[in-house]
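Overview (structure and organization)
The lines below spell out each chain.
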Amino acid sequence: MRILFVTTVNPVDRTTGGEIATDNIVAGLKAAGNIVDVLFYSRANSKRYYNECISVADRQIEYSDSLLQTSLWFLKSLVIKRAFSTTKYVTGKYKRKLIKTLRKNTYDAIFIDHAQMAWVMEFLPCSVRMYFISHNVESNIYNEISGGNNGIKRYIYKREARLIGRDERHISKVSV
């Protein structure tokens with residue numbers, strides 16, 4: 001079986017829990033005899049990939065790396081009415097690479113790794129089985145941290161919980 005695995009970051013880096021979990025899932029799919037093409041963003045200093053990895057572009061991953069970039073992503077998220085944690089992954093480069101990859105290869109299944117990648121669903125063929133991998137229920141996490149006295153933080157986290165929750169519900173309905 002040939003699988004397209006759409007994710008946010010390079011699983012080979014294994015620098016975060018999400019990357020480690022993703023790498024283990026990809027390794028398991030490969031160990032089961034599948035061909036797995038992985039579409040992802042890589043960190044600027046990472047040049048390690050699987051043979052089947054397709055890096056869209058180097059990308060700042062951590063918000064703490066740049067206050068300016070993080071502020072721009074937040075403003076963009078307000079304008080496009082999308083979850084802030086998703087906005088940094090929504091790019092024309094990713095969309096073009098995804099479409100090019102889908103035209104080049106025929107896939108039996110597509111795995112969408114993380115709710116932040118739900119935005120790619122509008123570009124995926126309806127005839128291919130989709131699987132959603134959620135490392136966390138993101139909306140619950142944002143709801144849990146939305147308490148407190150700081151009104152701005154409360155607004156940001158409640159907004160994030162609502163918007164990422166919308167994506168989680170949508171992707172869960174259309175995936176296997």
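To start, this report covers the structure provided alongside it. (Residues numbered from 1 in each chain as written. Predicted model: local features only at pLDDT ≥ 70, side-chain atom pairs only at ≥ 80, totals over all residues. Heavy atoms only, no water.)

**Things to note about helix 1 (residues 17-31)**
Taking 1.5 Å per residue, 15 residues should reach 21 Å; helix 1 reaches 21 Å between its end C-alpha atoms and fits that length. Listing the buried residues of helix 1 in full gives E19, T22, D23, V26 and L29. For helix 1, the angular spread of buried residues about the axis comes to 125 degrees, placing them on one side. Exposed residues lying more than 90 degrees from the buried face of helix 1 are G17 and A31. Where helix 1 is buried, its residues touch strand 1 (2-9), strand 2 (35-42) and strand 4 (109-113). Directly beyond the C-terminal end of helix 1, a positive phi value near 95 degrees is found at G33. (Helix = DSSP H or I, 4+ residues; strand = E, 2+ residues; numbered from the N terminus. Expected span 1.5 Å × (residues − 1). Buried < 20%, exposed > 50% of the residue type's maximum accessible area, 1.4 Å probe, protein only. Arc of directions from axis to C-beta. Contact = heavy atoms within 4.5 Å.)

**Notes on helix 6 (residues 151-174)**
End to end, helix 6 covers 35 Å across 24 residues, agreeing with the expected 34 Å (1.5 Å per residue, within 8%). Listed in full, the buried residues belonging to helix 6 are R159, E160, A161, L163, I164, G165, D167, E168 and I171. Next to the buried residues of helix 6 lie helix 2 (67-80), helix 3 (84-87), strand 4, strand 5 (129-133) and helix 5 (138-144). The opening residue of helix 6, the one whose side-chain oxygen lies 3.0 Å from the backbone nitrogen of I152, is N150. (Polar contact = N/O pair within 3.5 Å; in protein donor to acceptor, adjacent residues only side chain to side chain.)

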